[in-house]
Amino acid sequence: MNRRAFLSAASAPILLAACAPTVQMAGVPGAGFAGPRLEHDAFVSFDGVPLGLTRWTPEGQARAAVVALHGMNDYANAFHFAAPEWARAGVATYAFDQRGFGRSPQRGVWGGEALMTEDLRVCVDLVRARHPDIPVTVVGESMGGAVAIAAFASQRPPQAHRLALLAPAVWGWSSQPLPYKTALWFTAHVMGETVIRPPRWVTDRVHPSDNLEELIAMGRDPLMIWGARNDTLYGLVDLMESAWAGVPRLRVPTGYFYGANDEIIPREPSFQSARRLKPGDRSAYYEAGYHLLTRDHARARVIGDVQSFILDPEAPFPSGPPTIPGAPTRRNGDAV
């Protein structure tokens, strides 16, 4: 090898390291920062950064409260079907736009596991302070489920009473095909800021839900994000790996909900994760369910079952779904 080739080869790792994936940094609160708080349409987190907030509250006294986490490229509106139904049953829902999504700052830039899990901890503390005498459940959909698992499996789990996972994103490095993860590592380190948008043939073949009207509405919503930076996708897979590995460390009562037609998070890592639930945890498997379980045409079953879990994690699920194959078995109710 000549000297020029040697120097090129030796400097390559340094150049790649210099192009490390971008991750948001915590904010620096101003001198007048009054601490984290829940405002009308914002959750001000520990570092003074305002994150978009949507709340659905019951007319009377709340029986339970929910902190809701949306999925990738989505925002708090992900719960616009479920949360009003839960409010009618006495459940107050607080859904916030995670860093980089919806109404929150630095749209499209990955928030990072450390910041995203800390935001969850702080929001749970605020909701518990507002509702000190009722149980608080974290409900995480897809990426939101991965954030929730990573937080609850950590050394400092959120101080919530229950965890409900809606098709959680558990498709991490351990289950990604080698060509996928090799290409993603390279593009995230070399072309991190480049936004990848799925080609039309992919969007035509992959269906997050069978509710076409909802998918059209999502496509027209300016707060949705379509496409993702390479380094954001890299961060997402990192997070999904943490979630996949973290399920055995969950210590709160957990409900895991998954649809047989999910084309976003594959069955194999999902079934593996469900099998790692502890004895006594719950799972539900919906033959008519897609990825966006609370927005599908059959959403009423899922919304009702999650509501039942929020109010009483020991009660049979009203719609009587089977458990996820291989998951710990508990009576979910009468089969439908």
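Counting starts from 1 at the beginning of each chain's written sequence and moves along it residue by residue. In keeping with the predicted nature of the model, local features appear solely for residues at pLDDT of at least 70, side-chain atom pairs appear and are counted solely at 80 or more, and the whole-chain, interface and lining totals rest on all residues. Hydrogens and water are ignored here; the side-chain numbers use all heavy atoms of the structure.

### What about the overall build of the protein?
Each helix is a run of DSSP H or I of at least 4 residues and each strand a run of E of at least 2, with the numbering of both proceeding from the N terminus. When its secondary structure is counted, the protein shows 10 helices and 11 strands. Taking 2.2 N^0.38 as the reference for a compact globule, 336 residues should give roughly 20 Å; the C-alpha atoms of the protein span a radius of gyration of 20 Å, in line with that estimate. The principal-axis extents of the C-alpha atoms in the protein amount to approximately 75 × 50 × 40 Å. Taking all 336 residues of the protein together, 53% fall into the buried category. In this treatment the radius of gyration is a C-alpha quantity, and the globule benchmark scales as 2.2 Å times the residue count to the 0.38 power. Exposure categories follow from relative accessible area, calculated using a 1.4 Å probe and restricted to protein chains: below 20% of the type maximum is buried, above 50% is exposed, and the middle band is partly exposed.

### Topic: helix H9 (residues 267–275)
What H9 keeps buried is the set Pro 269, Ser 270, Phe 271, Gln 272, Ser 273 and Ala 274. In the core, the buried residues of H9 are packed alongside helix H8 (230–246), strand S10 (254–259) and strand S11 (282–286). The criterion used for residue contact is that any of the two residues' heavy atoms lie within 4.5 Å.

### Looking at the pattern of salt bridges
Pairs can form between side chains of opposite charge whenever their charged atoms are close. The salt bridge criterion pairs a side-chain nitrogen of Lys or Arg with a carboxyl oxygen of Asp or Glu, the two atoms within 4 Å. All chains considered together, the criterion is met by 11 salt bridges. Glu 39 serves as the salt-bridge partner of Arg 37, at 2.9 Å between the closest nitrogen and oxygen. Note on Arg 37: relative accessible area 32%, which makes it partly exposed. The exposure class assigned to Glu 39 is partly exposed, which follows from its relative accessible area of 31%.

### Remarks on the environment of Glu 268
Its place among the elements puts Glu 268 in helix H9. Taking the C-alpha atoms as reference points, Glu 268 and Ser 175, separated by 93 residues in sequence, lie 8.2 Å from one another.

### Focus on the sheet that holds S11
Any two strands with at least two DSSP-identified bridges between them are counted as paired. Strands sit in the order S1-S2-S3-S5-S4-S6-S7-S10-S11 across an open sheet of nine strands; the sheet is mixed. Bordering the open sheet on either side are strand S1 (37–38) and S11, each of which pairs with just one other strand. Of the pairings in the sheet, the one linking S1 to strand S2 (residues 42–44) comprises two bridges and is antiparallel in character. What sits directly across from Leu 38, in S2, is Phe 43. Between N-to-C directions, angles span 0 to 180 degrees; the directions come from axes that are lines fitted to C-alpha atoms, helices contributing only their stretch in contact. Its contacts with the sheet put H9 on S10 and S11, and the angle it makes with S10 is roughly 160°.

### Let's talk about the pairing of S10
Of all six residues making up S10, six are buried, and the element is well covered by its neighbours. Burial along S10 is two-sided: the face carrying Thr 254, Tyr 256 and Tyr 258 and the face carrying Gly 255, Phe 257 and Gly 259 are both buried. Strand direction decides the pairing type here: strand S7 (residues 162–166) and S10, joined by four bridges, are parallel. Bridging from a neighbouring strand, Leu 166 pairs with Phe 257 of S10. In this sheet, S11 lies alongside S10 in parallel orientation, the contact comprising five bridges. Note on S11: the bridge partner recorded for Gly 259 is Tyr 286. Classification remark: right-handed applies to a crossover when, strands pointing away from the viewer, the course from the first strand over the helix to the second runs clockwise. In this fold, the crossover linking S10 to S11 by way of H9 has right-handed handedness.

### So, the packing of helix H4 (residues 143–152) against H8
At their nearest, the axes of H4 and H8 sit 8 Å apart, and the two run at 55° to each other. On the basis of the axis angle, H4 is oblique to H8. At the point where H4 passes H8, the crossing takes the left-handed sense. Residue-level inspection shows Met 143, Ala 146, Val 147, Ile 149 and Ala 150 of H4 in contact with H8, the latter providing Leu 236, Leu 239, Ser 242, Ala 243 and Gly 246. Throughout, the ten residues Ala, Val, Leu, Ile, Met, Phe, Trp, Tyr, Cys and Pro are labelled nonpolar, Asp, Glu, Lys and Arg are labelled charged, and all others, Gly among them, are labelled polar. Looking at the contact of H4 with H8, its residues break down into eight nonpolar, two polar and no charged. An angle below 35 degrees is read as roughly parallel, one above 145 as roughly antiparallel, one from 65 to 115 as roughly perpendicular, and any other as oblique. Less than a right angle of anticlockwise turn of the near helix away from the far helix marks a crossing as left-handed, whereas a clockwise turn marks it as right-handed.

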